[in-house]
Amino acid sequence: MIEIEHLTKRYGAHTAVSDLSFQVEQGQIYGFLGPNGAGKSTTMNIMTGCLSATEGHVRIEGHDIFDEPDKAKRLMGYLPEQPPLYLNETPEEYLRFVGEAKGLRGDALARQMDGIIEQTGIGAMAHRRISTLSKGYKQRVGVAQALLGSPKVIILDEPTVGLDPIQIIEIRDLIKELGRTHTVIFSSHILSEVQAICDQIIMIAKGKLAAFDTPENLERRLLAPNELVLTAETDEEALAGLLAGMEFISAAQMERTGEGRLTAHIRTDRTDIYEASRAVFFAFAQRGIPLLELTPKKANLEDIFLELADDGDAQPETAPDAGHDTESGVEEE
Ligand code: ADP
Ligand code: MG
């Protein structure tokens, strides 16, 4: 449904997006994950026709975003990082304006607005000025304008940034619900958020594709090399003895973290970290040593981003082809 091919964006000497290629299939929720500055917004702005590319192609159902922008854009609804909301208008006025800009009129527009206002839960706020709404409601209005025109794909750039925890949950639920009727691509720099909502994770770092995988597979890859952290109520001697008796443990480090409490970092040769956790749990239970905490250690996300991005460097350079060097500027929406 969406093909991104060898996409590159350079700002002078700085390469924001570098030879990025991936495909998006219909009906799934994609999390576009990467640390700040990874190139998420740049990629999304290019995908939606708001920014030109230096090299590469974007096709939406076969329509090139640069050659057939009208056809391609009609298939997408976009909530940019800084949504262009008109603060002095009410959500209803604003949605009518955006709907008309998307070519909707009369009954068709009214019906769509009603459905979208209901779906995004902004009914009670429809007649208040946008400037008086909470950030969470403003964000819903932003999602609502993206839904106008019945696009097949909804693209949301960091929709949960700046929201409080309750608003974050509400927006995540809204994204999940949109996923039932739309293809959704949303960006985030928070791994757990993307893991919780997405069918597929597209991970980028330094403008390059670092991983494209399901959350389950990625989580497996993201676990640190089989390391467990445990805290137990015991003394050094008992803990050392217990750990020494477990043949699958290859290294352990202990430290006292409280009165009668020790924390140990354990490395294991088991490839399935949960299998090792299970064995540790039963070993402690058998000896009657209270295990207060037992967690597979997650690798630091930034490190993984960088590591995966460095792997990306090994890929062959592609020949530059037809570039699009004219800035098309931000359109309507
Ligand atoms: P993300 O959305 O993942 O945080 P961006 O796409 O905003 O990343 O930015 C990617 C990189 O491109 C960053 O290093 C950023 O500083 C740079 N960049 C973004 N926009 C511009 C611009 N208009 N001019 C120069 N550099 C830019
Ligand atoms: Mg961004």
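For every chain, the first residue of the written sequence is number 1, and numbering continues from 1 onward in sequence order. For naming, the first written chain is A and the first written ligand is 1, with later ones following in the order written. At least 70 in pLDDT is required for a residue's local features to be given in this predicted model, at least 80 for side-chain atom pairs to be given and counted, and no such filter applies to totals for whole chains, interfaces and linings, which use all residues. The basis for every side-chain value is the complete set of heavy atoms in the structure, and neither hydrogens nor water enter the calculation.

Participant: Any details on the site of ligand 1? Residues and values, ideally.
Facilitator: Think of it this way: one heavy atom of a residue within 4 Å of a molecule or strand is enough to make that residue near it. By nearness alone, every residue bordering ligand 1 is listed as Tyr11, His14, Ala16, Pro35, Asn36, Gly37, Ala38, Gly39, Lys40, Ser41 and Thr42. Polar contact is defined as a pair of N or O atoms within 3.5 Å, subject to the rule that within protein one atom must be able to donate a hydrogen and the other to accept it, and that residues adjacent in sequence are counted only when both atoms are side-chain atoms. Measuring from an oxygen atom of ligand 1, one finds a backbone N or O atom of Gly37 at 2.7 Å. Each accessible area value is a Shrake-Rupley result obtained with a 1.4 Å probe; residue values ignore everything except the protein chains displayed when judging cover. Summarising the interface, the protein chains cover 61% of the accessible area of ligand 1, which totals 560 Å² for the free molecule. Listing elements by their share of the shell around ligand 1, those giving two or more residues are strand E2 (14-24) and helix H1 (40-47). Under the convention adopted here, Pro, Cys and the residues Ala, Val, Leu, Ile, Met, Phe, Trp and Tyr are nonpolar, Asp, Glu, Lys and Arg are charged, and Gly plus all remaining residues are polar. Residues belonging to the shell around ligand 1 are distributed by class as follows: 4 nonpolar, 6 polar and 1 charged. Runs of E in the DSSP output that reach at least two residues are strands. Runs of H or I that reach at least four are helices, and both are numbered from the N terminus.

Participant: How would you summarise the pairing of E2 if you had to cite specific residues and measurements?
Facilitator: Whether two strands pair comes down to DSSP finding at least two bridges between them. Pairing between strand E1 (residues 2-11) and E2: 7 bridges, direction antiparallel. Across the sheet, residue Tyr11 finds its bridge partner in E2, namely His14. Here E1 folds back onto E2 in antiparallel fashion, the turn holding 2 residues, of which Gly12 has a positive phi close to 60°.

Participant: Please give an account of the coordination of the magnesium ion (ligand 2) that cites residues and values.
Facilitator: Any nitrogen, oxygen or sulfur atom within 2.8 Å of a metal ion counts as a donor, with the limit raised to 3.2 Å for Na, K and Ca, and since water is left out, coordination shells can look unfinished. Coordination sphere of the magnesium ion (ligand 2), protein contribution only: Ser41 (OG) and Glu81 (OE), at 2.0 to 2.6 Å. Taken together, the positions of Ser41 in helix H1 and Glu81 in the loop between strand E6 (76-79) and helix H3 (91-101) put the pair 40 residues apart, joining distant regions of the chain. Think of it in three bands: with a 1.4 Å probe and only protein chains considered, a residue is buried below 20% of the maximum accessible area for its type, exposed above 50%, and partly exposed in between. When its relative accessible area of 18% is taken as the criterion, Ser41 is described as buried. In this structure Glu81 comes out as partly exposed when scored by relative accessible area, which is 42%.

Participant: Residue-level account of the packing of H3 against helix H5 (residues 135-147), with values.
Facilitator: For helices, the fitted axis covers only the stretch in contact; all axes are lines through C-alpha atoms, and the angles between them, taken along N-to-C directions, range from 0 to 180 degrees. At a closest axis distance of 9 Å, the pairing of H3 and H5 adopts a crossing angle of 25°. Here H5 runs roughly parallel to H3, going by the angle between their axes. In the crossing of H3 with H5, the sense of the turn from one axis to the other is right-handed. Counted together, Pro91, Tyr94, Leu95 and Val98 of H3 and Val141, Ala144 and Gln145 of H5 form the full contact between these two elements. Here the residues of the contact of H3 with H5 are counted per class, giving 6 nonpolar, 1 polar and no charged. The scheme is simple: roughly parallel for angles under 35 degrees, roughly antiparallel for over 145, roughly perpendicular for 65 to 115, oblique for anything else. By convention the crossing between two helices is left-handed if the near helix lies anticlockwise of the far one by an angle smaller than a right angle, and right-handed if it lies clockwise. The contact criterion used is simple: two residues touch if any of their non-hydrogen atoms lie within 4.5 Å.

Participant: An account of the packing of H5 against helix H6 (residues 165-181) is requested, with residue identities and associated values reported.
Facilitator: Direction vectors running N to C along H5 and H6 enclose 15°, while the axes themselves pass 10 Å from each other. Comparing the axis directions of H5 and H6 gives the class roughly parallel. Considering how the two elements wind past one another, H5 and H6 form a crossing that is right-handed. Contact residues: H5 offers Lys135, Gly136, Gln139, Arg140, Val143 and Leu147, while H6 offers Gln167, Glu170, Ile171, Leu174 and Leu178.

Participant: Describe the nonpolar core, naming the residues involved and giving the relevant values.
Facilitator: Ranked by internal contacts, the top residues of the largest apolar core, which has 40 residues, are Leu95, Leu148, Leu156, Ile175 and Phe186. With 5 residues, the single largest contributor to this core is H6. Apart from residues lying up to four places away in sequence, Ile175 is in contact with Ile29, Leu156, Pro159, Val184, Phe186 and Ile197. Residues belong to one nonpolar core when they are buried, are Ala, Val, Leu, Ile, Met, Phe, Trp, Tyr or Cys, and are joined through side-chain atoms within 4.5 Å. The next biggest cluster of nonpolar side chains, apart from the first, holds 29 residues, and it includes Ala53, Val58, Tyr78 and Ile204.

Participant: Run through helix H9 (residues 236-244), naming residues and quoting values.
Facilitator: Looking only at H9, the buried set comprises Leu239, Leu242 and Leu243. The arc that holds the buried residues of H9, viewed along the axis, is 95°, so those residues lie on one side. Of the exposed residues in H9, the ones pointing more than 90 degrees away from its buried face are Glu237 and Ala244. By construction, the arc corresponds to the directions joining the helix axis to the C-beta atoms.

Participant: Give me the environment of Ala53: which residues, what numbers.
Facilitator: Inspection of the secondary structure puts Ala53 in the loop between H1 and strand E4 (55-60). By relative accessible area, which is 0% here, Ala53 ends up buried. Sequence separation between Ala53 and Val17 is 36 residues, and the spatial gap between their C-alpha atoms is 9.1 Å.

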